[in-house]
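# Examining the three-dimensional arrangement
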Amino acid sequence: MATLTKTASQKKTPATPANLKQYIGGKWVEGAAERVVVSTNPADTREVLAKFKSADKAQALAAIEAAKKAFPGWRATTAPARGRILAKAAQICRERRDELATLMTREQGKILPEAKGEMDKGITLMEWFAGEGMRLGGVSMPSELSKNLLYTVRQPLGVVSVITPWNFPFAIPVWKLSPALVAGNAVVFKPASLVPAMAVKIVEIFAEAGLPPGVLNLILGAGSLIGDTLVEHPAIRAVSFTGSNSVGKRVHTICGTRGVKATCEMGGKNPGVVWEDADLSLALGGIMKGAFGSTGQRCTATSRLILHEKIADKFLKMVVDETKKIKVGNGLDPATGMGPAVDDGQLQTDLDYIEIAKKEGAKLVLGGKRLTDGELAHGYFVEPTIFDNVKPSSRLFKEEVFGPVLAVTRVKTFDEMIELANDCEFGLTCAFYGQDLTNVMNFVDRIEAGMVHVNSPTIGGEAQVPFGGVKGSGVGDREMSKEGLHFFTELKTVFLDYTGERRESNLY
Ligand code: NAD
């Protein structure tokens, strides 16, 4: 059984919870809807962090109008100058990294080292995209005609919407906002309502770095209330969305009907495979990080563990023993290894899937319960949970839980493993632990996933390479890297004839 943190004695309610506002056209304004959203610490709900009044539809429209107005000036600003503002924002984030990481732990629940890691990842992405301001060019090509210059330029789209989830409150917003802005677009940014305080900080920092009013607007409020406006409005030329499969598909359908770009990064049910010749202690570290890091609330979490039958008993025992060492508690406590679920809804989802798995006949090996001992009673804590003998036809094998629930299945052959790993509507990421090069290369070749990790965990990404999934995990261009930047641009091809005289040619 996982041990509990009983010593979390963090402060309860801060003097005054922040009163968060909308940011429209460079001004902070109170939300106009009746609905008040209260943001509490998921590790201790007595701590109220912030409150805000939701934006209404009229404010979403006003944000789009403000972005439309600001767009021509921002488009006319050179790409290197735009990149310098982004670099300045990255520098401010670097200076305030620890303070922002602490806010992240209090608002979202992930443990402080993970929050610091997320800050570092996000800042690196900002820096990388800032540099792209110097490289935002097209290409030139030799023409079939003499004295004819053929080249391409990349231009901004106009006003774009950036819609983000709650699980990476800093990194996901900045990996979308950075390319959108450096490419010259004006943005309406709508974060998840569970993490509004971090979103406000991000926008404040961009303003402090010198972003002109109206170029970045913040709309706080329920997706069900204002989401459609940010996707359907004729001025919105692209939507960059990360979140659940159901909302992502809807966003993509609307954008497709409108004929505008959408990139939708969605859920995952990522397999971690440990083969008979794997270095088991290496695999152990990766599987533990993937399954229980960030309380399993990562799109890239390892949620299915597929084991070669020859090492299955031994490796599963290693995983169980290691999981028993995880201290569950408040992420600000240095002894804590796993924080809470983000809210009561996610906690209930975790517990529901545990019950479903039991009913489906999977064998509960570890965990399975909500934790309410002592201080934990004030938060949304669940035990890290492991099920063995999970049938490939079962819901636990196929559906995203988004919590610390690991589904273990055993296989005999390589083909059987590939078939099982691919037997899922998602295809974000995966991991293969093994030494035989033929197996490794066949896995890389045949697995249906946007990202493949060999002898490393399913999690993570780097600024300079594409991030994203296939099948139900992603539709539209990849994020991060040049691909992520190019999503926010239109490509224009130029035919520049400098003969200065009438040309006879049959190329037309
Ligand atoms: P969600 O779909 O509930 O919400 C995501 C965002 O969409 C929020 O800002 C929400 O307010 C907004 N939204 C809701 N309804 C909308 C509508 N009708 N129109 C427009 N916007 C709307 O997702 P979540 O619960 O915040 O995040 C968890 C999900 O995100 C998981 O499925 C996870 O796998 C996924 N995720 C994917 C990636 C990836 O890169 N593939 C990364 C992180 C999270």
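## Side note on a nonpolar patch on the surface
Together, Leu437, Met441, Val444, Val452 and Val454 make up an exposed nonpolar region whose accessible area comes to about 410 Å². Listed by contribution, the elements that provide at least two residues to the nonpolar patch are helix 14 (437-446) and strand 24 (451-454). For the nonpolar patch, the element with the most residues is helix 14, which contributes 3 residues. Looking at the element boundaries, Leu437 is found in helix 14.

## Details of the site of the ligand
Surrounding the ligand, one finds 26 residues, the nearest of these being Thr164, Lys190, Ser244, Met266 and Glu400. Take Trp166: an N or O atom from its side chain is 2.9 Å from an oxygen atom of the ligand. At 3.2 Å from an oxygen atom of the ligand is found a main-chain nitrogen or oxygen belonging to Gly243. Starting from 850 Å² of accessible surface for the ligand in isolation, the protein chains cover 87%. Of all the secondary-structure elements, those providing two or more residues to the shell around the ligand are helix 7 (223-232), strand 12 (236-242) and helix 8 (245-258). Looking at the shell around the ligand, the element that brings in the most residues is helix 7, giving 3 residues. Tallied by class, the residues present in the shell around the ligand amount to 13 nonpolar, 8 polar and 5 charged.

## Considerations on the nonpolar core
Core analysis: the largest hydrophobic core is formed by 68 residues, its most contacted members being Met126, Phe170, Leu177, Val187, Phe189 and Phe206. Structurally, this core is a two-domain feature, drawing no fewer than three residues from each of domain 1 (8-266 + 473-492) and domain 2 (270-454). When near neighbours in sequence (up to four residues on either side) are disregarded, Val187 contacts Ala67, Val160, Val162, Leu177, Ala180, Leu181, Val215, Leu216 and Asn217.

## Concerning the sheet that holds strand 6 (residues 44-53)
Hydrogen bonds between backbone groups are what pair the strands of a sheet, and the pairing can be parallel or antiparallel. One open sheet accounts for 3 strands, arranged 2-6-5; its pairing is mixed. The open sheet has two edge strands, strand 2 (18-20) and strand 5 (36-41), and neither has a second partner. Along the sheet, successive strands turn relative to each other by an average axial angle of 35°, direction set aside. Sheet topology places strand 5 next to strand 6; 6 bridges connect them, and they run antiparallel. For Ser39, the partnering residue across the bridge sits in strand 6 and is Ala50. The sheet strands contacting helix 3 (residues 97-108) are strand 5 and strand 6, and the helix crosses strand 5 at an angle near 110°.

## Points about the packing of aromatic side chains
Here the structure, examined in full by the defined rule, presents 9 aromatic pairs. Geometrically, the ring pair formed by Phe487 and Phe488 is edge-to-face, given 4.9 Å between the ring centres and 80° between the ring planes. Phe488 matches Phe487 in its accessibility class, with the two residues each being buried. An aromatic cluster of at least three residues, connected via ring pairs, comprises Trp275, Phe414, Phe432 and Phe443. Here the guanidinium or amino end of Lys110 rests over the ring plane of Phe168, the centre of that ring lying 4.0 Å away. Over the ring of Phe397 we find Arg304, and its NZ or CZ is 4.8 Å from the ring centre.

## Looking at helix 4 (residues 112-132)
Here helix 4 contains 21 residues, and its C-alpha end-to-end distance of 30 Å stays within 8% of the 30 Å for a straight helix at 1.5 Å per residue. Inspection of helix 4 places Leu112, Glu114, Ala115, Glu118, Met119, Gly122, Ile123, Leu125, Met126, Phe129, Ala130 and Glu132 among the buried residues, and these make up the whole buried set. On its buried side, helix 4 packs onto helix 2 (79-95), helix 3, helix 5 (171-182), helix 6 (196-208) and helix 15 (481-487).

## So, the domain arrangement of the protein
In many analyses, interface size is given as the accessible surface area lost on bringing the parts together. Structurally, the protein comprises domain 1 (8-266 + 473-492) and domain 2 (270-454). Spacing between the C-alpha centres of domain 1 and domain 2 amounts to 30 Å. Residue-level contacts link 28 residues of domain 1 with 29 residues of domain 2. Counting each side, the surface lost to burial between domain 1 and domain 2 is near 2,400 Å², with a carbon and sulfur contribution of 57%. Inspection of the domain 1/domain 2 interface yields 1 salt bridge. For Glu375, the salt bridge is made with Arg46, and the minimal N-O distance between the two is 3.2 Å. Along the contact surface separating domain 1 from domain 2 lie 9 residue pairs in polar contact (both at pLDDT 80 or more). Every element with two or more residues in the side of domain 1 that touches domain 2 is listed here: strand 6, helix 3, helix 4 and helix 8. Per-element accounting of the side of domain 1 that touches domain 2 gives the leading share, 4 residues, to helix 3. Taken together, the residues that form the side of domain 1 that touches domain 2 break down as 9 nonpolar, 10 polar and 9 charged.

What counts as what
- Residues numbered from 1 in each chain as written.
- Predicted model: local features only at pLDDT ≥ 70, side-chain atom pairs only at ≥ 80, totals over all residues.
- Heavy atoms only, no water.
- Patch = residues over 30% accessible without salt bridge, like charges linked within 9 Å, V, L, I, M, F, W, Y side chains within 5 Å.
- Areas by Shrake-Rupley, 256 points an atom, 1.4 Å probe, with all protein chains shown as cover.
- Salt bridge = Lys/Arg side-chain N within 4 Å of Asp/Glu carboxyl O.
- Helix = DSSP H or I, 4+ residues; strand = E, 2+ residues; numbered from the N terminus.
- Near = heavy atom within 4 Å.
- Polar contact = N/O pair within 3.5 Å; in protein donor to acceptor, adjacent residues only side chain to side chain.
- Nonpolar A, V, L, I, M, F, W, Y, C, P; charged D, E, K, R; others polar.
- Core = buried A, V, L, I, M, F, W, Y, C linked by side-chain atoms within 4.5 Å.
- Buried < 20%, exposed > 50% of the residue type's maximum accessible area, 1.4 Å probe, protein only.
- Domains from an automatic or database assignment.
- Contact = heavy atoms within 4.5 Å.
- Pairing = 2+ DSSP bridges.
- Axes fitted to C-alpha atoms, helices over the stretch in contact; angles between N-to-C directions.
- Phe/Tyr/Trp six-rings, centres within 6.5 Å; stacked < 30°, edge-to-face > 60°.
- Lys NZ or Arg CZ within 6 Å of the ring centre and 35° of its normal.
- Expected span 1.5 Å × (residues − 1).
- Buried area = accessible area lost by both parts, 1.4 Å probe.

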